[in-house]
Every structure is written in C-alpha cells, then in structure tokens.
Amino acid sequence: MNEAGDMEFNAAQSAGAAALDRDWVHRAIELLQCDGRRSADTHLINPAFPALKGLSIYLKDESTHPTGSLKHRLARSLFLYGICNGHIGQGTTLVEASSGSTAVSEAYFARLLGLPFIAVMPRSTSRAKVDAIERMGGRCTFVDEPARVYEVAAGIARETNGHYLDQFTNAERATDWRGNNNIAESIFRQMAGEPHPAPQWVVMSAGTGGTAATIGRYIRYQNLSTRLCVADVENSVFFDAYRQSDCAITSSRPSRIEGVGRPRVEPSFVPGVIDCMLRVPDAASIAAAHVLSERLFRRVGGSTGTNFMALLWIAARMLREGRQGSLVTLICDSGDRYASTYYDPDWLAAQGMDIAPLKARIESFLDTGTGLDDLF
Ligand SMILES: *Cc1c(COP(=O)(O)O)cnc(C)c1O
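What counts, and where the lines are drawn
Residues numbered from 1 in each chain as written. Predicted model: local features only at pLDDT ≥ 70, side-chain atom pairs only at ≥ 80, totals over all residues. Heavy atoms only, no water. Domains from an automatic or database assignment. Contact = heavy atoms within 4.5 Å. Buried area = accessible area lost by both parts, 1.4 Å probe. Core = buried A, V, L, I, M, F, W, Y, C linked by side-chain atoms within 4.5 Å. Buried < 20%, exposed > 50% of the residue type's maximum accessible area, 1.4 Å probe, protein only. Helix = DSSP H or I, 4+ residues; strand = E, 2+ residues; numbered from the N terminus. Near = heavy atom within 4 Å. Polar contact = N/O pair within 3.5 Å; in protein donor to acceptor, adjacent residues only side chain to side chain. Areas by Shrake-Rupley, 256 points an atom, 1.4 Å probe, with all protein chains shown as cover. Pairing = 2+ DSSP bridges. Axes fitted to C-alpha atoms, helices over the stretch in contact; angles between N-to-C directions.

Peer 1: For this particular structure, what's the right way to read the domain arrangement of the protein?
Peer 2: Taken domain by domain, the protein consists of domain 1 (38-69 + 176-368) and domain 2 (71-171). Here the C-alpha centroids of domain 1 and domain 2 sit 25 Å apart. Facing 28 residues of domain 1, the contacting portion of domain 2 comprises 26 residues. Carbon and sulfur atoms supply 49% of the area buried between domain 1 and domain 2, which totals about 2100 Å² over both sides.

Peer 1: Honestly, the nonpolar core in this entry has me stumped. Any pointers?
Peer 2: Buried together is how nonpolar side chains tend to be arranged in soluble globular proteins. Residues Ile286, Met309, Leu312, Ile314, Ile362 and Leu366 are the most contacted members of the largest nonpolar core, which totals 49 residues. It is helix 11 (residues 302-320) that provides the largest number of residues to this core, a total of 10 residues. When near neighbours in sequence (up to four residues on either side) are disregarded, Ile286 contacts Ile257, Tyr342, Trp347, Leu348, Met353 and Ile355. Judged by nonpolar contacts, the second largest core, of 31 residues, contains Ile88, Ala103, Phe117 and Val130.

Peer 1: Sorry, what's going on with the site of the ligand here?
Peer 2: Near the ligand lie 17 residues; those nearest to it are Lys71, Gly207, Thr208, Thr211 and Ser303. The contact in question runs from an oxygen atom of the ligand to an N or O atom on the side chain of Thr208, over 2.7 Å. The contact in question runs from an oxygen atom of the ligand to an N or O atom on the backbone of Gly209, over 2.8 Å. Here the ligand has 380 Å² of accessible area as a free molecule, and 97% of this is covered by the chains.

Peer 1: I tried to follow the sheet that holds strand 8 (residues 227-232) on my own but got confused; where do I start?
Peer 2: Whenever strands of a sheet pair, they do so through backbone hydrogen bonds, lying parallel or antiparallel. In spatial order, the strands read 1-2-10-7-8-9; together these six strands make up an open sheet with mixed pairing. The sheet is open, and its two borders are formed by strand 1 (44-45) and strand 9 (276-279), each paired with just one other strand. With two bridges connecting them, strand 1 and strand 2 (residues 55-61) associate as antiparallel partners. By the bridge assignment for strand 2, Leu44 is matched with Lys60. Sheet contacts for helix 7 (residues 183-190): strand 1, strand 2, strand 7 (201-205) and strand 10 (325-331); angle to strand 2, the most-contacted strand, approximately 140°.

Okay, structure coming up:
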C-alpha cells in the first residue's frame, strides 16, 4: 500500500490442470453420483454351518457390483478424488497399474465420463479380465515383470499428459474411512440386528490394503471390540513386512491369487490397524474357494478362498477355546473370471497343486467342527 492508500492486486489463473472446465467437472460429479444412486447395497450373506456351534459366519458379497468386484467402490472413489483434486478433467487420459479387477472398474467409469483409459498389467492377468477391460473401451499394456507396473504406468501418464490413478497409493486416502457408506459402515449397519452384532473378527486379504485400512480404522473410530485379521498369500511381502516391521521387503515372484498379494509393501497397506495376520498357502486358498462355491451354489474368486480359509482357521481356534460370536469376511469377486485357472483341473495340475485332500479337510471341518487345528 502506498501513502495515498492505493492497493495493487495480482490475479493469476493456472495454465495447467487447475484450469479445468468447471462445467465438465459438474457434469462428471453428477454422473458419478447417479451411478451411486443406481447401486443398491451389497448382500451380507449368512450361510448356515450348524456344526460350527455358536459361530455365525457372514460374507459381504462384493461380486454383485456392476463391474463384478469390490473394486467398483474403489474406482468410484479414485475418480471422485482425482476430479475433486483437479487432476482429472475433460479429455484427461487415465492410466492405472492393475492386476485386473481395478482396471475393469476404472474402464467402466472412464467410459461413463468419456475419458481414455490405459491399464498396465502383468502378462499373467486372466483373459476374462483383459476382455472385460477392452469391451469397456479401455486399452491394456502388458509387462513381464509385475514389479514394473508402477513405473510403466507413471511413464505413460507423463507421456500422454494424463493422470496416473495409482490405486496402490491412493486407495487408503480416496475412501472416506469414517463412513459415507464405505464398506465398513455398510457391514456394521447390516450386522445391527444379528445375535452377535459386533463381530469377533473381520477377515480380509490385501491387494492395495485399502479395504483392510478402511475396516480397521472404522473399527477403532466406532470404538468396537472387533478385531481385524489380514490374510496374505504366497509370494507376497505383506506378511513378512508386518511380522518384521519392515516395509522395505520386496519379492520378485508374482502372486498366483489374483487381486491380492504384492511384490512390495503398498503405500495403502496400514499395518497399525491390523490385529493379526495369517499367510494362507495358495492351494488352501483355492481349495477353500472350491468348497465355498459348492456351499453357495455359485463360484467365488481365489481371494475369497484366501479370506474364507483364514476365517475358518479363526473359527477352529474359537471352537477349541469354546468361544462364540460372529465372523465376517468378503466375497471379493465371482469365480466366473477364473474358469481357466482356479477352476480348471489342467491349470491346477500345471501349478503342481493337488487340492483334493485340502478340500476334504475343509468340508469335514464344516460338517463336524473339527480337523483344522494343525493346518497352518
Ligand atoms: C483388490 C482385490 C482384493 C483386495 O482388496 P484391497 O482393498 O485392494 O486390499 C481382493 N480380491 C480381489 C479380487 C481384488 O480385486
């Protein structure tokens, strides 16, 4: 201010991402909200296992979302997060590193908003998922080494002046962990009238780690006594990282259970909210998926088998200790996507997996309540 009291103002408008067309942003948010309104809540299934006395098992069925997996929730959140942060606007090319399910859901939302979408994925990704992405107008780029998906995706986003959605970093922060109809709030609301409304345990496997983070934070925020068990798989680093408190561990081998198990500790993995971790052998995950599919009269995916196996391990311990209560886990996606892998005897044989003895033990446990004590 000079002596005469004049004031000098400066105004600027960003030439970059912040100069987004606000009309487009309005319309995009509206379209995402409409998708949310058209969606019903997912079922919390309560199959009866009378031999597991005093225990009630609940399965939150995320396979019924329009894009077939729990990643429908994540993709919607990542799009809202990107738009509200000014990173996604009209014409922005979207890029993601994904082992499949996330890219299917993101391709759906990209098409809804008329945006180009490129998925970077390991070559081992199932054909059914690649087809689903391409049918929704997305493009797929393959890498041989799973650990390279991140840098390749970030590189394509830079080259196209696009946006790297980066589920592995943003999953835990794009989801409203206090509520707003997140998966945890939905589960606990649906449990309200059950005989044991606060589950003893919620069990979840980890891909991004985002779902486990949301559930674990919500349990603390709501001051519940429920505990969170995260189930890991072979060739994944989450279990060792948790046990050794070392987030620098890496692995060079890909997970065989699609959607879960990672070669590095993802930024969205929040160990501080986890009460216990288990590592489930892949053959046990697949055997459990087969048994659960037969009991539910429809196929579930491999990671659902991981969840179910870990839940049964906890159930076996609770029975042995004479404890009662409810146990909750997720059906992450449908087994229809894995007809040529987990449900193909030739694929199982090529992996050197004989799941028959494990299936028999799981079935026997479900029918008698005994026989799993020494499994892990
Ligand atoms: C992503 C995914 C998971 C794990 O969920 P996160 O929230 O990413 O940890 C489990 N199963 C399937 C099929 C998935 O796609």
